[in-house]
Amino acid sequence: MNNSTTSKKLAHLCTVFLSTALLIQCKPETKAVAKTVINETILTAPEGFSVAEIGKDLGAVRHLAVAKNGDIYANRSVLKDSAAVIVLKDTDNNGTIDEQQQFSKLPGTGILATDDYIYTSSNTAVFRYRLNENHEIIDTDTPEKLVDGLIDMGIDNAKPFTIDNDNNLYVTIGSWNDACRDGDAGMLPCAILDSAGGIWKFKADKLNQTFADGSIYATGLKNSVGIDWNFKTNSLFATDHGRGGLHNFYPDVFTKKQDAELPAETLYELKEGDNAGWPKTYYDHFKNKRMLAPEYGGDGEQVAEEDYINPVAAFPAHLAPNDILFYTGDMFPDKYKNGAFIAFHNQSAELKKGFFIAFVPFKDGKPNGEWEIFLDNFAGFDLANPSEETLKHRPCGLAQGPDGALYVCDDFGGSIFKVTY
């Protein structure tokens, strides 16, 4: 090969190399699409989350469910417009609620959506409504009755529920007596535990059951308004309201500060036959111990000797956990996957905060790390520096949409909020 031919080939190679290099340099960079965050509500959320008030002035909306078609159902504890259940619909799928429907004359708390049914509860019974192929209720006027005859004494009488993969129906029956107290003494044994103060198991596919057809699944729970079946762990989880009156009934044993900060609100993973210790014990989240209640000889220092289960998580007193939801969607960041959202319906003197949605991270089916406040400022003012402002909202119910959005309802202001990421 002569020098001229070699030079030409080298020149061609250089031209190709330079052209390729220029193409690489000139190739436009791929930029991340900016996320549009919209929050025109009073609520505060973590960075990246949008919050919308999709329903307002809806009445005492307690628990929520979202059907596979995106229809949002809320059960009310008090009738509004002569109806207990309200449905919000986005009929044209543009992201805006454009239709409302109402039905049922039996107010309550619990509500749940499956592929085939919408389940609801009154304060004494559980019902179901069959859905058609479009996931709409076929007949709102004639629900099927699953269970009736659950005790209702007018106090802590909500009947929240959940259903597992085997058509078992779990129903909370709360106690109407704060500490199973007869005067200043605790009942021994506590006669209430035969019909309340726990979670009962029925069948979700059997009609016209009575209280006698059920069995006690877990006892020693004062009032588990938050109840959810965790399909990841295949187990039942429930929050529980702690008792009160420590200083009022036992001023020589408990200070006012202790009364305001004890006992803990609790979260349990429950197996059949478990006993969470109410009313004989309470859980102290400062000591991380189960304590003997004063009605049964406790002095604030005496640890309970009997073998009751301990909570998997404990929270400051009087926050009133009213719902729990295990997040299984793909919309939120990975840290939220399979973790638990909890709706707290009251406030804590210890935290000087309240009326918020908390998040409890989970790993391998167990709480992992510190819980955090996820959605805050439902009250509408700083609880650490109370003003004359009127309380705006009290979060109560939680639900997850088919797309992974989180819904929260408020039984005080009557709003429903949608949280997206």
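Residues numbered from 1 in each chain as written. Predicted model: local features only at pLDDT ≥ 70, side-chain atom pairs only at ≥ 80, totals over all residues. Heavy atoms only, no water.

**Some details on the layout of surface pockets**
(1) Moving on: Computed from the structure, the largest pocket encloses a volume of approximately 1,000 Å³.
(2) Moving on: Residue lining of the largest pocket: 40 residues in total, with Leu-112, Ala-113, Asp-228, Phe-231 and Leu-325 positioned closest to the centre.
(3) Moving on: For the lining of the largest pocket, the elements supplying multiple residues, two or more each, are β2 (61–66), β6 (111–113), β7 (117–121), β10 (161–163), β17 (227–230), β24 (321–326) and β32 (395–400).
(4) Moving on: The class makeup of the residues in the lining of the largest pocket is 21 nonpolar, 10 polar and 9 charged.
(5) Moving on: Here the second largest pocket defines a volume of roughly 330 Å³.
(6) Moving on: Around the second largest pocket, the lining comprises 20 residues; the ones closest to its centre are Asn-69, Gly-70, Asp-71, Asp-90 and Asn-93.
(7) Moving on: Considered class by class, the residues forming the lining of the second largest pocket number 7 nonpolar, 7 polar and 6 charged. (1 Å grid on protein atoms, 1.4 Å probe; cavity = no way out; pocket = protein on both sides within 12 Å on 5 of 7 lines; lining within 4 Å. Points joined across faces, edges and corners; volume = space filled by probe spheres on them. Helix = DSSP H or I, 4+ residues; strand = E, 2+ residues; numbered from the N terminus. Nonpolar A, V, L, I, M, F, W, Y, C, P; charged D, E, K, R; others polar.)

**Notes on the pattern of salt bridges**
(1) Moving on: Enumeration according to the criterion identifies 22 salt bridges in this entry.
(2) Moving on: A salt bridge links Lys-222 to Asp-178, with the shortest nitrogen-to-oxygen separation between them at 3.6 Å. Here Asp-178 lies in the loop between β11 (168–173) and β12 (181–182) and Lys-222 lies in the loop between β16 (215–219) and β17, a separation of 44 residues in the sequence.
(3) Moving on: With a relative accessible area of 6%, Lys-222 lands in the buried category.
(4) Moving on: A residue is classified by how much of its surface remains accessible, and Asp-178, at 26% relative accessible area, is partly exposed.
(5) Moving on: Beyond isolated ion pairs, a larger network of salt bridges with shared partners links Asp-71, Lys-89 and Glu-136. (Salt bridge = Lys/Arg side-chain N within 4 Å of Asp/Glu carboxyl O. Buried < 20%, exposed > 50% of the residue type's maximum accessible area, 1.4 Å probe, protein only.)

**Points about the state of the cysteines**
(1) Moving on: Under the counting rule described, the total for this entry stands at 1 disulfide.
(2) Moving on: Note that Cys-180 is cross-linked by a disulfide to Cys-190, the S-S spacing being 1.9 Å. Because the torsion about its S-S bond is 100°, the bridge between Cys-180 and Cys-190 counts as right-handed. Here Cys-180, found in the loop between β11 and β12, pairs with Cys-190, found in the loop between β13 (185–186) and β14 (198–203); they are 10 residues apart in sequence, far enough to count as distant. Exposure class is identical for Cys-180 and Cys-190. Each is buried.
(3) Moving on: Cys-396 forms no disulfide, and the closest cysteine sulfur to it belongs to Cys-409, at a distance of 5.6 Å.
(4) Moving on: Accessibility expressed as a relative area gives 0% for Cys-409, which makes it buried. (Disulfide = S-S within 2.5 Å.)

**Description of the sheet that holds strand β4 (residues 83–89)**
(1) Moving on: Pairing is antiparallel across the open sheet formed by 4 strands, whose spatial order is β2-β3-β4-β5. Two strands close off the open sheet at either side, each with one partner strand: β2 and β5 (99–103). Pairs of neighbouring strands in the sheet enclose a mean axial angle of 25°, with direction left out of account.
(2) Moving on: Bridge count between β2 and strand β3 (residues 72–80): 5 bridges; the pairing is antiparallel. When the sheet's bridge partners are listed, Leu-64 is paired in β3 with Ala-74. (Pairing = 2+ DSSP bridges. Axes fitted to C-alpha atoms, helices over the stretch in contact; angles between N-to-C directions.)

**Some thoughts on the pairing of β17**
(1) Moving on: The alternating pattern of β17 places Ile-227 and Trp-229 on one face and Asp-228 and Asn-230 on the opposite face, and all of these are buried.
(2) Moving on: As judged from the 4 bridges shared by β17 and strand β18 (residues 235–240), these two strands associate in the antiparallel manner. Each bridged residue has a counterpart across the sheet, and for Asn-230 the counterpart in β18 is Ser-235.

**Examining empty space enclosed by the protein**
(1) Moving on: Tallied over the full model, the rule gives 1 cavity of 30 Å³ or more.
(2) Moving on: In this structure, the largest cavity occupies an estimated 120 Å³ of space.
(3) Moving on: Forming the boundary of the largest cavity are 17 residues, of which Asp-240, Gly-242, Thr-281, Tyr-282 and Tyr-283 lie nearest the centre.
(4) Moving on: Secondary-structure elements contributing two or more residues to the lining of the largest cavity are β19 (265–270) and β21 (281–284).
(5) Moving on: If you tally residues by element for the lining of the largest cavity, the top one is β21, at 3 residues.
(6) Moving on: Broken down by class, the residue content of the lining of the largest cavity amounts to 7 nonpolar, 6 polar and 4 charged.

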